[in-house]
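The residues making up each chain are set out below.
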Amino acid sequence: MALLGGAGWSAVDAADADIIIINSCGFIESAKQESINAVLLWRKRYPDKKILLAGCLAQRYAKELAESLPEADRLFGNADLGGIVEAAQCAMGVELAEPPSKLPAAGDGRRPLLSLPGSAYVKINEGCNNRCTFCSIPLIRGPLRSRSIADVLAECRELLGRGIRELCLIGQDIGSYGKDFSGGQSILPDLLEALSEPEGDFWVRLLYIHPDNFPLPILDIMERDKRFLPYFDLPFQHGSEKILAAMNRRGNAAAYLSLIETIRSRLPDAVIRSTFLLGFPGEADEDFRALLDFQDKAQLDWLGCFTYSREEDTPAYAMKNRVSKKLAAERKRMVEERQISITEKQMDRFVGREFDVLVEEAVDEEDGLYLGRLFCQAPEVDGAAVINSDRNLAPGAFVRGRVTGRAGFDLEVVLIS
Ligand code: SF4
């Protein structure tokens with residue numbers, strides 16, 4: 001968006017646009033289908049507009065889609081984002097004006113934000129060396145490449161200067177941050193040290209740490225500086241050692257429970273989100289029982305479940321003893337059902353307590369109804385804070401509130417100042 005903006009393009013409603021850019025996902029079957037459906041939908045709505053299919057699906061299946069998806073005028077993968085202006089110009093069939101030769105530097109203030117008010121994602125590394133056998137992301141995104149601490153810090157300072165209150169650090173596995181240029185050692189703790197330098201009231205939220213790569217020193221920093229939220233997104237994927245080994249993950253249920261115990265003993269308010277993958281090849285009844293046992297013991301605050309998607313060119317593609325889609329879906333449903341009461345119980349521990357709340361949107365200003373998030377709610381994936389306020393609240397600002405109750409997975413909050 002920054003490059004396009006620099007070349008004179010601006011973002012408008014689809015009805016007024018010359019070109020519709022669809023950012024796609026190519027990770028699993030359902031995401032691929034959703035991406036293709038989006039192209040078909042927009043083509044149907046706007047038969048005469050240009051459509052540019054960008055992102056992971058376009059990267060992974062460039063050749064196949066060029067032949068099979070004529071509804072997209074042009075494909076643009078994510079290997080070289082610097083070519084977006086050229087791709088857009090070519091899709092429009094216009095002469096190429098001088099395209100900027102490189103991406104804008106992180107801290108130069110030109111990056112438009114698509115995130116919720118007050119919040120920004122900051123990608124600190126791209127690609128992944130973990131090579132989980134089910135996962136196509138390393139095929140799409142390539143090997144691990146981390147940004148320098150100085151570069152990330154500059155971007156974060158710039159975002160804070162723009163009034164951003166929540167910095168969400170992301171990457172395929174941010175526990176591996178810096179391993180590519182620091183002798184195989186994670187330097188995530190060093191990055192957090194650097195991010196604790198700026199003064200002011202803001203949150204830093206760490207998303208996606210592979211549990212086998214958890215850098216324990218980050219807990220020291222979190223204990224010291226409360227701006228680093230005790231929120232942990234640790235995709236455990238399974239509780240059976242046999243299945244974890246087949247997934248090329250080194251951990252086991254005992255090690256993961258011990259990690260959870262360590263985190264909770266150091267940070268009593270810690271909130272842990274995870275994902276489970278159901279129906280991986282070879283997942284027998286006893287493996288599923290091991291997962292349920294792990295779920296009971298871990299008492300995770302938030303959990304997302306997925307069924308296995310058989311992806312070409314991944315090691316698991318050729319694995320035997322595949323689990324039927326029906327059985328995988330049934331196991332997913334069982335895990336999700338059991339999780340409801342666990343998540344509800346975990347959220348209940350916040351009732352009656354006071355927290356900072358990041359305001360996200362006004363639902364009904366006259367009735368004083370707003371939506372926001374507490375530290376225990378990551379953007380877009382967890383429940384929300386439903387705020388009752390007798391004064392107008394600005395989206396993107398912090399307010400102080402007391403949690404008065406829970407409605408489903410959401411927390412009800414009243415202002416206290
Ligand atoms: S750590 Fe995540 S992105 Fe990397 S290979 Fe495993 S599942 Fe894929």
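Conventions adopted
Residues numbered from 1 in each chain as written. Predicted model: local features only at pLDDT ≥ 70, side-chain atom pairs only at ≥ 80, totals over all residues. Heavy atoms only, no water. Helix = DSSP H or I, 4+ residues; strand = E, 2+ residues; numbered from the N terminus. Rg over C-alpha atoms; globule rule 2.2 N^0.38 Å. Areas by Shrake-Rupley, 256 points an atom, 1.4 Å probe, with all protein chains shown as cover. Lys, Arg positive; Asp, Glu negative; His and termini not counted. Charge placed at Lys NZ, Arg CZ, Asp CG, Glu CD. Near = heavy atom within 4 Å. Nonpolar A, V, L, I, M, F, W, Y, C, P; charged D, E, K, R; others polar. Pairing = 2+ DSSP bridges. Right-handed = clockwise from strand over helix to strand, strands pointing away. Axes fitted to C-alpha atoms, helices over the stretch in contact; angles between N-to-C directions. Parallel < 35°, antiparallel > 145°, perpendicular 65-115°, else oblique. Contact = heavy atoms within 4.5 Å. Buried < 20%, exposed > 50% of the residue type's maximum accessible area, 1.4 Å probe, protein only. Phe/Tyr/Trp six-rings, centres within 6.5 Å; stacked < 30°, edge-to-face > 60°. Lys NZ or Arg CZ within 6 Å of the ring centre and 35° of its normal. Left-handed = near helix turned anticlockwise from the far one by under 90°. Polar contact = N/O pair within 3.5 Å; in protein donor to acceptor, adjacent residues only side chain to side chain. Salt bridge = Lys/Arg side-chain N within 4 Å of Asp/Glu carboxyl O.

Time to look at the overall build of the protein. Within the protein one finds 13 helices and 16 strands. In terms of C-alpha radius of gyration, the protein reaches 22 Å, essentially the compact-globule figure of 22 Å for 417 residues. Once the C-alpha set of the protein is aligned to its principal axes, its extents read approximately 60 × 60 × 45 Å. Accessible area for the protein stands at about 19,400 Å²; split by element, carbon and sulfur atoms hold 51% of it. Across the protein, 50 positive and 63 negative side-chain charges occur, with their mean positions spaced 4 Å apart.

Around the ligand, the neighbouring residues are Cys128, Asn130, Arg131, Cys132, Phe134, Cys135, Ile137, Pro138, Gln172, His210 and Arg249. Across the shell around the ligand, the residue classes tally to six nonpolar, three polar and two charged.

All right, on to the pairing of strand β1 (residues 19-24) then. Note that β1 and strand β2 (residues 50-55) share six bridges and pair parallel. When the bridges of β2 are listed, isoleucine 22 appears paired with leucine 53. As for the winding sense of the linkage, the β-α-β connection from β1 through helix α2 (residues 29-45) to β2 is right-handed.

Where helix α11 (residues 253-266) meets helix α12 (residues 285-298), the closest approach of the two axes is 11 Å, and the angle between their N-to-C directions is 10°. Looking at the two axes, α11 sits roughly parallel to α12. The residues of α12 that touch α11, namely those facing Ala253, Tyr256, Leu257, Ile260 and Arg264, are Phe294, Lys297 and Ala298. Within the contact of α11 with α12, the residues separate by chemical class into six nonpolar, no polar and two charged.

What follows concerns the environment of methionine 334. Mapped onto the elements, methionine 334 comes out in helix α13 (residues 325-348). Judged by relative accessible area, which is 30%, methionine 334 ranks as partly exposed. C-alpha of methionine 334 to C-alpha of glycine 6: the two residues are 328 residues apart in sequence and 50 Å apart in space.

Next up on the list: the packing of aromatic side chains. Considering all chains together, one arrives at 13 aromatic pairs under this definition. Grouped by ring-pair contacts, the aromatic residues Phe236, Tyr256, Phe276 and Phe294 constitute a single cluster. Above the face of the tyrosine 46 ring, lysine 49 is positioned so that its terminal group lies 5.2 Å from the ring centre. Here arginine 310 stacks its cationic end above the ring of tyrosine 317, 3.9 Å away from the centre of that ring.

Angle between the axes and distance between the axes: these two values describe a pair of packed helices. The geometry of helix α7 (residues 149-161) relative to helix α8 (residues 188-195) is characterised by a closest axis approach of 10 Å and an angle of 35° between their N-to-C directions. Judged by the twist between their axes, the crossing of α7 over α8 is right-handed. In this structure, α7 contributes Ile149, Val152, Leu153 and Cys156 to the contact, and α8 contributes Asp190, Leu191, Ala194 and Leu195. The residue makeup of the contact of α7 with α8, split by class, is seven nonpolar, no polar and one charged.

With mixed pairing, the five strands of this closed barrel are ordered in space as β12-β13-β14-β16-β15. With direction set aside, neighbouring strand axes in the sheet form an average angle of 50°.

The subject of this paragraph is the side chain of glutamine 339. When you line up the elements, glutamine 339 lands in helix α13. What makes glutamine 339 buried here is its relative accessible area of 5%. One polar contact links the side chain of glutamine 339 to the main-chain carbonyl oxygen of leucine 300, over a distance of 2.9 Å.

In this section: the pattern of salt bridges. Side chains that differ in sign of charge can pair as their charged atoms come close. Applying the stated criterion to the full structure yields 34 salt bridges. Here arginine 147 and glutamate 155 are joined by a salt bridge, their closest N and O atoms 2.7 Å apart. There is no split in this pair, since arginine 147 and glutamate 155 are both buried. Taking the shortest distance from any N to any O, the salt bridge between aspartate 287 and lysine 242 comes out at 2.8 Å. Taken together, the residues aspartate 287 in helix α12 and lysine 242 in helix α10 (residues 241-246) connect sequence positions 45 residues apart. Classification of aspartate 287 as buried rests on a relative accessible area of 4%. Salt bridges sharing common partners tie together Glu29, Lys32, Arg60, Glu311 and Glu312.

The next thing to look at is unusual backbone geometry. Not every positive phi belongs to a glycine, and tyrosine 208 is a case in point at roughly 65°. Within the secondary structure, tyrosine 208 is located in the loop between β8 (203-206) and α9 (217-224). Backbone geometry places asparagine 248, a non-glycine residue, at a positive phi of 65°. Looking at asparagine 248, the relative accessible area reads 40%, which means it is partly exposed.

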